[in-house]
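Read off the chains here:
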There are 2 protein chains.
Amino acid sequence: MLKLYHHPNSTFARRVRIALIEKAIPAELIEVDMVARAHRAPWYLALNPYGRVPTLDEDGFVLYESTAILDYLEATHPTPPLVPADARGRALVAMHMKLCDLQLARQTSTIIFPKRFLPPERWDQELMAQAKREIERHLEVLETQLQGKEYLVGDCYSLAEVCYTPFVEFFPLMEITPPPAVAAWSGRILQRPSAAQTKPPR
Amino acid sequence: MLKLYHHPNSTFARRVRIALIEKAIPAELIEVDMVARAHRAPWYLALNPYGRVPTLDEDGFVLYESTAILDYLEATHPTPPLVPADARGRALVAMHMKLCDLQLARQTSTIIFPKRFLPPERWDQELMAQAKREIERHLEVLETQLQGKEYLVGDCYSLAEVCYTPFVEFFPLMEITPPPAVAAWSGRILQRPSAAQTKPPR
């Protein structure tokens, strides 16, 4: 039985929970009490020395970093597929997964962590504004790439969309109005049952 | 014929050049004149909207982000392999590739870009010291993981080492003395012909 260490407010853990639902993979979800700093406790650091969620444990095989876990679930549970059948399509999915981390995930964390968990007087407004500009530039690129398409790669929902879902969720909180093709795509991926069932409580 | 847009001083492009040599894949190397800001020119931004190197062009199929390119070369040129044969081994390679980016590559850039290209009065000493501390913490984790092993995953040189090579190169410039197992491993991967042939001119 797969065990997934996660937290309901973790964007990166949510990616894995979405994939588990999309692929109907049974797993035991273990919530790491991050408010009580359980992710810094020796037992957790022994599993994941970086003290982050998610961490996967499959009968003692321990794996962390959400994108590596998604690749592993795809390799071990290929049906239904969340990557295209051809090498070029798979490579493009990997490229978009990476760009989501570089151009959206980090910047989103810069904005939403303070907005969700800190009082306004502790916000670093300049850093948050810079992150917002970077996100807006990234969405312009996505807008071009999504022209006339329902999904980023080929005609199918893929691991690229799985990676984007938790971050797209926060456009309203970030006061970002995505351009039209990005807005339609965001709506499409947030409507999936796997997204609805993993929506963070706050 | 593969075309690779690169720059001889680019750490991320070097990863792909190493894999091309390890796999003996013929490719045309096209140097992007980054000093003249060719990476911001319209013709290059049409290939890679983020204006970074490397970018791969295989008969019109365009792919960027070094790790996605490495995965693609592995899928299309599987011999000699740079990943283990089993899904767990492959997943661990993907995990280490990601951690190299998160815990070493970014921090290394923070330190070496100023040291290589800016006069000392323009260095952000505080930011650079923070990056150095993060690298040292990461190397402690690697030290534990490399105990009794020649390579990070299984018994073989893999894409994990390909990703680390360009950053390990800069330990001396960063004035970082790696712990013993990391030092031995670094020496091992820097001695390969693929590393020697791609060593940056400065």
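This structure is a prediction, so every number in the text was calculated from the model and none was measured.

Criteria and thresholds
Every chain is numbered on its own, with residues counted from 1 as its sequence reads. In the order they appear in the text, chains get letters beginning with A and ligands get numbers beginning with 1. The predicted nature of this model means local features are confined to residues of pLDDT at least 70 and side-chain atom pairs, given and counted, to a pLDDT of 80 or more, with totals for whole chains, interfaces and linings taken over all residues. Only hydrogens and water are set aside when side-chain values are computed; all heavy atoms of the structure are taken into account. In this entry, domain limits derive from an automatic or database-based domain assignment. In this analysis, two residues are considered to be in contact whenever any of their non-hydrogen atoms come within 4.5 Å of each other. Two parts placed together each lose some accessible area under a 1.4 Å probe, and the buried area is that loss summed for both. Any carboxyl oxygen of Asp or Glu within 4 Å of a side-chain nitrogen of Lys or Arg constitutes a salt bridge here. Identification of polar contacts relies on pairs of N or O atoms within 3.5 Å, with a donor-acceptor requirement for protein atoms, meaning one able to donate a hydrogen and the other able to accept it, and with residues adjacent in sequence counted only if both atoms are side-chain atoms. Only runs of H or I of at least four residues qualify as helices and only runs of E of at least two qualify as strands under DSSP, and these elements are numbered from the N terminus. Throughout, the ten residues Ala, Val, Leu, Ile, Met, Phe, Trp, Tyr, Cys and Pro are labelled nonpolar, Asp, Glu, Lys and Arg are labelled charged, and all others, Gly among them, are labelled polar. Least squares is the method for superposing the copies, and the C-alpha atoms it fits come from residues with pLDDT of at least 70 in both. With a 1.4 Å probe rolled over the protein chains alone, any residue whose accessible area is under 20% of its type maximum counts as buried; one over 50% counts as exposed, and the rest are partly exposed. Pairs of cysteine sulfur atoms within 2.5 Å are what we label disulfides.

1. Side note on the domain arrangement of chain A
Residues and elements named next belong to chain A.
Now for step 1: Segmentation of chain A into domains returns domain 1 (2-76) and domain 2 (87-197).
Now for step 2: The straight-line distance from the C-alpha centre of domain 1 to that of domain 2 is 21 Å.
Now for step 3: On the domain 2 side, the residues contacting the 14 residues of domain 1 number 19 residues.
Now for step 4: For the pairing of domain 1 and domain 2, the buried interface totals around 1,500 Å² over both sides, and the portion due to carbon and sulfur atoms is 60%.
Now for step 5: Viewed at the interface, domain 2 and domain 1 are joined by three salt bridges.
Now for step 6: With a shortest N-O distance of 2.6 Å, D101 and R15 are connected by a salt bridge.
Now for step 7: Counting the contacts that link domain 1 with domain 2 gives seven residue pairs in polar contact (both at pLDDT 80 or more).
Now for step 8: Those elements giving two or more residues to the side of domain 1 that touches domain 2 turn out to be α1 (11-22) and α3 (66-76).
Now for step 9: Top contributing element to the side of domain 1 that touches domain 2 by residue count: α1, with nine residues.
Now for step 10: Here the side of domain 1 that touches domain 2 is composed, by residue class, of five nonpolar, three polar and six charged.

2. Considerations on the relation of the copies chain A and chain B
Now for step 1: Expressed as a screw transformation, the operator carrying chain A onto chain B has a rotation angle of 180° and an axial translation of 0.0 Å, and the superposed copies differ by an RMSD of 0.0 Å. These values place the two chain copies in the arrangement generated by a two-fold rotation axis. Closest to the rotation axis within chain A is the C-alpha of K98 of chain A, separated from it by 4.6 Å.
Now for step 2: Take the interface residues of chain A: 100% of them recur as interface residues in chain B, which is what a same-surface contact looks like.

3. Observations concerning the pattern of salt bridges
All names here are of chain A.
Now for step 1: One pass over the full model with this rule turns up 18 salt bridges over all chains.
Now for step 2: The partner of R14 in a salt bridge is E169, and the shortest N-O contact between them spans 2.9 Å. Placement of the pair is R14 in helix α1 and E169 in the loop between α6 (159-168) and α7 (180-190), with a sequence separation of 155 residues. Accessibility classification places R14 together with E169 in one group, the buried group.
Now for step 3: Linked through salt bridges whose partners overlap, the residues forming this network are R14, E169 and K199.

4. Some details on the state of the cysteines
Here, disulfide denotes a covalent bond that connects the sulfur atoms of two cysteines.
Now for step 1: All chains considered together, the criterion is met by zero disulfides over all chains.
Now for step 2: Unpaired in terms of disulfides, C100 of chain A finds its nearest cysteine sulfur in C163 of chain A, a separation of 5.7 Å.
Now for step 3: With no disulfide of its own, C156 of chain B has C163 of chain B as its nearest cysteine by sulfur position, at a separation of 16 Å.

5. Here's the deal with the environment of F12 of chain A
All names here are of chain A.
Now for step 1: When you line up the elements, F12 lands in helix α1.
Now for step 2: Taking C-alpha positions, F12 is 17 Å from Y44, a pair spaced 32 residues apart along the chain.
Now for step 3: For F12, the contacting residues outside a window of four places in its chain are V53, P54, S66, D101, A105 and F167.

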